[in-house]
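# Analysis of the macromolecular model
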Amino acid sequence: MTSAWPVTATLAVALLARTASAQTMDFDKIQIITDQLAPNLYTLSGSSGVDPSHDDAAGGRIGVLIGADGILMVDAQYAQLTDKVVAAIRRISAAPIRFLVNTHIHRDHTAGNANFARMGAMIFAREELRDGMVRIAKSPNAAANPLSDPAGFPVVTYGMGPPVIIHFDGETVDLIPVRAAHTGGDTMIRFENANVIMIGDFYRNYGYPFIDLNNGGSLDGMLQALDQTMKLAGPDTTLVPGHGSIIKRDAIVPYRDMIAGVAARVRELVAQGKSLQEVLAAKVTAPYDAQVHGGLDPAGVGAGTSADRFVTEVYEEIKAAR
Ligand SMILES: [Zn+2]
């Protein structure tokens, strides 16, 4: 995958490991678990203990809005799970799947795109996400990457302007662009009547944050996305991350403080001329490790911990900005 962003050996190893884990995962063992958030809004999550990158629940969480107009989905999971996802949807609605919105480019959220497009779904996403897929399709190892199938590319794209608003099933669905955070093409999806926002992966409470520099993510953008979430959400708004447990707004503050705290400490060490290895050895996440569920688990098969991945990304970005 080509990229304008610096990728360290550690990150490259982590990214390779994530690819490997997606290929060696036993998809047959994954069950799809359905939860209802509102009268016509559901989430679908993979079962735990199968996905080495996301031990708490395999793949990315899907959203399903149902009603007389049809189905609007948020994210598409791994392509290997499409049949199980469709079966789970059919248990709640027989209506056609008309729209699919991607929160970001990662394959645990988009690899099923082409399958759903072939069933008639119109895919919406950020322009940057589509650009990323086109770039993958042109890369030498495109054939091995499920995101290279043009059938799965978004049809309707948008940039950092005002939200795209979809009036559907009696709901008002806002596709809200987020400045480069988890990736360079993140979207939050707000269901106004249900008072639910699907926030993708710039917040996570299983493992440390993942700033995907290789796909245009950024530390500053992640902090801005969290601030944006604080402004958009009321105290009772249900916030649905792509992984980990569902939260309310009050969970954002300590998470943001943790990121800012780690970044401040890394900034000090970079100013002292410390190398990446020295920064990792300083265990700057130690004050937070007890609170971050899964934070010291490997970020994928053969990869370092998600704490080390996070600190590496923060180090790279701060170093590059100096
Ligand atoms: Zn992701």
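Above this note sits the structure.
Conventions used here
- Residues numbered from 1 in each chain as written.
- Predicted model: local features only at pLDDT ≥ 70, side-chain atom pairs only at ≥ 80, totals over all residues.
- Heavy atoms only, no water.
- Helix = DSSP H or I, 4+ residues; strand = E, 2+ residues; numbered from the N terminus.
- Rg over C-alpha atoms; globule rule 2.2 N^0.38 Å.
- Buried < 20%, exposed > 50% of the residue type's maximum accessible area, 1.4 Å probe, protein only.
- Areas by Shrake-Rupley, 256 points an atom, 1.4 Å probe, with all protein chains shown as cover.
- Lys, Arg positive; Asp, Glu negative; His and termini not counted.
- Charge placed at Lys NZ, Arg CZ, Asp CG, Glu CD.
- Pairing = 2+ DSSP bridges.
- Axes fitted to C-alpha atoms, helices over the stretch in contact; angles between N-to-C directions.
- Contact = heavy atoms within 4.5 Å.
- Core = buried A, V, L, I, M, F, W, Y, C linked by side-chain atoms within 4.5 Å.
- Donors = N, O, S within 2.8 Å, 3.2 Å for Na, K, Ca; no water.
- Tetrahedral: all angles 85-135°; square planar, octahedral: opposite > 155°, others 65-115°.
- Phe/Tyr/Trp six-rings, centres within 6.5 Å; stacked < 30°, edge-to-face > 60°.
- Salt bridge = Lys/Arg side-chain N within 4 Å of Asp/Glu carboxyl O.

### So, the overall build of the chain
Helix and strand content of the chain: 9 helices and 12 strands. What you see for the chain is a C-alpha radius of gyration of 19 Å, in line with the 20 Å of a compact globule of 322 residues. When each of the 322 residues of the chain is scored for burial, the buried share is 57%. Per element, the accessible surface of the chain, about 12,700 Å² overall, is 54% carbon and sulfur. Computed over 27 positive and 34 negative side-chain charges, the inter-centroid distance for the chain is 3 Å.

### As for the sheet that holds strand S12 (residues 238-241)
In space, the 5 strands of this open sheet follow the order S8-S9-S10-S11-S12, with mixed pairing throughout. With one partner strand each, in any of the chains shown, strand S8 (164-168) and S12 form the two edges of the open sheet. The mean angle between the axes of side-by-side strands here comes to 20°, regardless of whether they run parallel or antiparallel. Alignment of strand S9 (residues 171-177) against strand S10 (residues 187-191), held across 5 bridges, turns out to be antiparallel. Along S10, the bridge assignment pairs Asp-174 with Arg-190. Against the sheet, helix H6 (residues 219-232) engages S9, S10, strand S11 (196-200) and S12, with an angle of about 10° to S10.

### Regarding the nonpolar core
A general trend in soluble globular proteins is that nonpolar side chains are found buried together. In terms of nonpolar packing, the biggest core is built from 39 residues, with Phe-202, Tyr-203, Ile-259, Val-266, Phe-310 and Val-314 touching the most fellow members. At the level of secondary structure, the elements contributing two or more residues to this core comprise S11, H6, helix H7 (252-271), helix H8 (276-281) and helix H9 (306-321). With 9 residues, H7 is the largest single contributor of residues to this core.

### What to know about the coordination of the zinc ion
With distances of 2.2 to 2.3 Å, the protein atoms coordinating the zinc ion are His-104 (NE2), His-106 (ND1), His-182 (NE2) and Asp-201 (OD). Seen from the zinc ion, its 4 donor atoms lie at angles of 82 to 174°, and the figure they make is irregular.

### Observations concerning the pairing of strand S1 (residues 32-38)
Examined bridge by bridge, S1 and strand S2 (residues 41-46) share 6 bridges and lie antiparallel to one another. Bridge pairing links Ala-38 to Leu-41 in S2. The loop that links S1 with its antiparallel partner S2 comprises 2 residues.

### A few points about the sheet that holds strand S6 (residues 122-126)
Across the sheet, 7 strands lie side by side as S1-S2-S3-S4-S5-S6-S7; this open sheet has mixed pairing. On the outer flanks of this sheet lie S1 and strand S7 (156-158), each paired with one strand and no other. Between one strand and the next, the sheet's axes are offset by a mean angle of 20°, whatever the strand orientation. As paired strands, strand S3 (residues 62-65) and strand S4 (residues 71-74) are joined by 3 bridges and run antiparallel to one another. Following the sheet pairing, Val-64 is matched in S4 by Met-73. In the packing of helix H5 (residues 127-138) onto the sheet, contacts are made with S6 and S7, and the angle to S6 comes to roughly 105°.

### Thoughts on the packing of aromatic side chains
Here the distance between the centres and the angle between the planes together describe a pair of aromatic rings. Under the counting rule described, the total for this entry stands at 5 aromatic pairs. Seen in terms of ring centroids, Phe-99 and Phe-124 are 5.6 Å apart; in terms of plane orientation they differ by 85°. Their pairing is edge-to-face. Taken as a pair, Phe-99 in strand S5 (residues 97-101) and Phe-124 in strand S6 lie far apart in primary sequence, 25 residues in all. One exposure class covers both Phe-99 and Phe-124, and it is buried. The interplanar angle of 70° and the centroid separation of 5.0 Å between the aromatic rings of Phe-99 and Phe-168 together place this pair among those described as edge-to-face. With Phe-99 in strand S5 and Phe-168 in strand S8, this residue pair connects regions lying 69 residues apart in the sequence. You'll find Phe-99 and Phe-168 in the same group, each marked buried. Following the ring pairs from residue to residue traces out a cluster consisting of Phe-99, Phe-124 and Phe-168.

### Focus: the pattern of salt bridges
All told, the structure shown has 7 salt bridges when counted by the stated rule. One salt bridge in this structure joins Glu-128 and Arg-126, with 3.1 Å as the shortest N-O distance. Judged by relative accessible area, which is 33%, Glu-128 ranks as partly exposed. Judged by relative accessible area, which is 1%, Arg-126 ranks as buried.

### Things to note about unusual backbone geometry
Keep in mind that most residues, glycine aside, have a negative phi and that most peptide bonds are trans. Of note in this structure, Asp-75 is not a glycine but carries a positive phi near 70°. Secondary-structure assignment places Asp-75 in the loop between S4 and helix H2 (82-90). By relative accessible area, Asp-75 is classed as buried at 2%. Look at Gln-77: it is not a glycine, yet its phi comes out positive at around 60°. Mapped onto the elements of the fold, Gln-77 is located in the loop between S4 and H2. By relative accessible area, Gln-77 is classed as buried at 1%.

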